[in-house]
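# Survey of secondary and tertiary structure
Listed below, chain by chain, are the residues.
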Amino acid sequence: MTNLGDLEIFAKVVSTGSMSLAGRALGCSPAVVSKRIKRLEDRLGTRLLQRTTRQISLTEAGQGFYDRVLGILAGLEEAEFYISGRSAQMHGTLKISAPTSFGRMHIAPHLKAFMQAHPELAINLVLTDEFSDLAIRIAELTDSSLVARRLAPVRRLLCASPDYLAAHSEPRHIDDLKHHRCLPAHNNDTWRLNGPDGALSLRPDGMLITNSSEVIREAVIAGLGIALRSTWDIGEELKAGRLVQVLPAYEGSHNVALSAVYPSRQFLPAKVRLFIDYLSELYGPIPYWER
């Protein structure tokens, strides 16, 4: 029977991409890690890892084995969590990835309460679109290899500053946008909208080219044009009158939502489930930025 410790070492080597980093994380030498991996491969009768001087990668058999090992380790953590109950302290590190603006505005300010409730659990919040233990995404999710839990609806509105509208007049029909300065979040970005006649897509011409959504946010507030922005991003500006909704009959696609995304497997690690539950309760069906 395979030693559970060997599975943990194997999973750590894959996640870190290095035997030395895995050994450092587990408190053992690279030589011990290498020996345990070889023992595991000998027991299974197959090579799990391809080793070069520069990197370690999974073989085809290793990838399938790794996917199942993750489920075993997550199931063990879930079983321990079930026995100990929610009052037990969580340990280790939870790595979370989130879009830059949303993470800064609506995750970082709420970490204190969660970390005070779980002082032994370290948080590694990475503001990026890359995947980690838990990814917060704002999108239409279509990847069936992932599990997604909807956390909150996302409303996106067409908006502009009062100064811009005073100088250029307010559009009355969707076709009027052709005569306005529009600010797509990325160059040539397509706006997918829902309107009185159903769904439609348009590609607005933009005078400002940038790969930064935050730059577009500042540009629309400064009066440079009309933008399609989420209410979580501009809710305070709408309340304060620094931005005004235009063409209220049109909103961004209703298929876009705020979701927690994690690898598809039978058991969800307790630390991931705790944080998802925390965010779900924090945001709710009517998130605080909509109230």
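This text follows the structure it describes.
## A short note on the overall build of the protein chain
For the protein chain, the count of helices and strands is 10 helices and 13 strands. A burial count over the protein chain gives 40% of its 291 residues as buried. The long-range share in the protein chain, meaning contacts at least 24 apart out of those at least 6 apart in sequence, stands at 75%. Counting every atom, the protein chain has about 15,800 Å² of accessible surface; 51% of that belongs to carbon and sulfur.

## Here's the deal with the packing of aromatic side chains
How two aromatic rings sit relative to each other is set out by the distance from centre to centre and by the angle between their planes. Taken as a whole, this structure holds 11 aromatic pairs when the rule is applied. Measuring from centroid to centroid gives 5.3 Å for Tyr283 and Trp289, while their planes differ by 55 degrees, and the two rings are tilted. Here Tyr283 matches Trp289 in class, with each residue buried. Each residue in the set Phe102, Trp232, Tyr283, Tyr288 and Trp289 is aromatic and connected to the rest through ring pairs, giving one cluster.

## Considerations on the layout of surface pockets
In this approach a probe as big as a water molecule rolls over the atoms, and the regions it shows empty are the leftover space. One number sums up the size of the second largest pocket: a volume of about 860 Å³. Around the second largest pocket, the lining comprises 27 residues; the ones closest to its centre are Ile138, Arg156, Ala185, His186 and Ser213. Secondary-structure elements contributing two or more residues to the lining of the second largest pocket are helix H5 (100-107), strand E5 (134-139), strand E8 (191-195), helix H8 (213-222), strand E10 (227-230) and helix H9 (231-240). Across the lining of the second largest pocket, the residue classes tally to 9 nonpolar, 9 polar and 9 charged.

## Details of the nonpolar core
Core analysis: the biggest nonpolar cluster contains 28 residues, and Leu134, Ile136, Leu258, Phe275 and Tyr283 have the highest contact counts within it. Looking at this core, the elements that each hand over two or more residues are strand E3 (92-98), H5, helix H6 (111-117), strand E4 (121-127), E5, strand E6 (146-153), strand E13 (257-263) and helix H10 (270-283). Considering each element in turn, this core owes the most residues, 7 residues, to H10. Contacts of Ile136, omitting those with residues within four sequence positions, involve Ile96, Ser97, Ala98, Pro99, Phe102, Ile107, Leu151, Leu258, Ser259, Ala260 and Leu279.

## Points about the environment of Leu224
Note that Leu224 resides in the loop between H8 and E10. For Leu224 and Ser161, which are 63 residues apart along the polypeptide, the C-alpha to C-alpha distance reads 8.3 Å.

## Considering unusual backbone geometry
For Ser169, which is not a glycine, the phi torsion comes out positive at approximately 70 degrees. Residue position: Ser169 is located in the loop between helix H7 (162-168) and E8. Residue class for Ser169 comes out partly exposed when judged on its relative accessible area of 44%. Positioned with a positive phi, Leu247 is a non-glycine residue whose angle comes to about 45 degrees. Summarising the element assignment, Leu247 is placed in the loop between strand E11 (244-245) and strand E12 (251-252).

## With respect to the pairing of E5
Consecutive side chains of a regular strand alternate in pointing toward one face of the sheet and then the other. Here 2 bridges tie E3 to E5, and the two strands are oriented parallel to one another. Opposite Ile96, over in E5, you have Leu134 as the bridge partner. Relative to E13, E5 runs antiparallel, the two sharing 5 bridges. Its bridge partner lying in E13, Ile138 is registered against Leu258.

## A short note on a nonpolar patch on the surface
There is a patch of nonpolar side chains on the surface, built from Leu4, Ile72 and Leu76 and spanning about 230 Å² of accessible area. Mapped onto the elements of the fold, Leu4 is located in helix H1 (residues 4-16).

## Remarks on the packing of helix H2 (residues 19-26) against helix H3 (residues 30-44)
It is the contact of H2 with H3, at a shortest axis distance of 8 Å, that shows an interaxial angle of 105 degrees. With respect to H3, the axis of H2 lies roughly perpendicular. Note on element contacts: H3 touches H2 through Pro30, Val33, Ser34 and Ile37, opposite Met19, Ser20 and Gly23. Taken together, the residues of the contact of H2 with H3 break down into 4 nonpolar, 3 polar and no charged.

About the cut-offs
The residue count restarts for each chain, going from 1 along the sequence in the order it is written. With pLDDT at 70 or above as the cut-off, local features in this predicted model cover only qualifying residues; side-chain atom pairs require 80 or more to be listed or tallied, and sums for whole chains, interfaces and linings still use all residues. To obtain the side-chain values, all non-hydrogen atoms of the structure were used and water was disregarded. Put simply, DSSP H or I for four residues or longer makes a helix, DSSP E for two residues or longer makes a strand, and each gets a number counted from the N terminus. Type-normalised accessible area, obtained with a 1.4 Å probe on protein chains alone, sets the label of each residue: buried when under 20%, exposed when over 50%, and partly exposed for intermediate values. By definition, residues are in contact when any of their heavy atoms lie within 4.5 Å. In short, Shrake-Rupley with a 1.4 Å probe defines the accessible areas, and a residue's cover is counted only from the protein chains shown. Aromatic contacts are taken between Phe, Tyr and Trp rings whose centres are within 6.5 Å, Trp giving its six-membered ring; a plane angle under 30 degrees counts as stacked, one over 60 as edge-to-face, and the others as tilted. Only protein atoms enter the 1 Å grid used here. Points where a 1.4 Å probe fits but cannot escape make up a cavity, open sets with protein on both sides within 12 Å along at least five of seven lines make up a pocket, and a residue lines them when an atom lies within 4 Å of a point. Grid points are joined across faces, edges and corners, and a volume is the space filled by probe spheres set on the points. Under the scheme applied here, ten amino acids are nonpolar (Ala, Val, Leu, Ile, Met, Phe, Trp, Tyr, Cys and Pro), four are charged (Asp, Glu, Lys and Arg), and all others, including Gly, are polar. Here, nonpolar core refers to any group of buried Ala, Val, Leu, Ile, Met, Phe, Trp, Tyr and Cys residues whose side-chain atoms link them within 4.5 Å. When DSSP locates at least two bridges between a pair of strands, those strands are taken to pair. In this analysis, a patch consists of residues with relative accessible area above 30% that form no salt bridge, clustered at 9 Å for like charges and at 5 Å for the nonpolar side chains Val, Leu, Ile, Met, Phe, Trp and Tyr. Each reported salt bridge corresponds to a side-chain nitrogen of Lys or Arg within 4 Å of a carboxyl oxygen of Asp or Glu. Helix axes are fitted only over the stretch in contact, all axes being lines through C-alpha atoms; the angle between N-to-C directions runs from 0 to 180 degrees. Roughly parallel means an angle under 35 degrees; roughly antiparallel, over 145; roughly perpendicular, 65 to 115; everything else is oblique.

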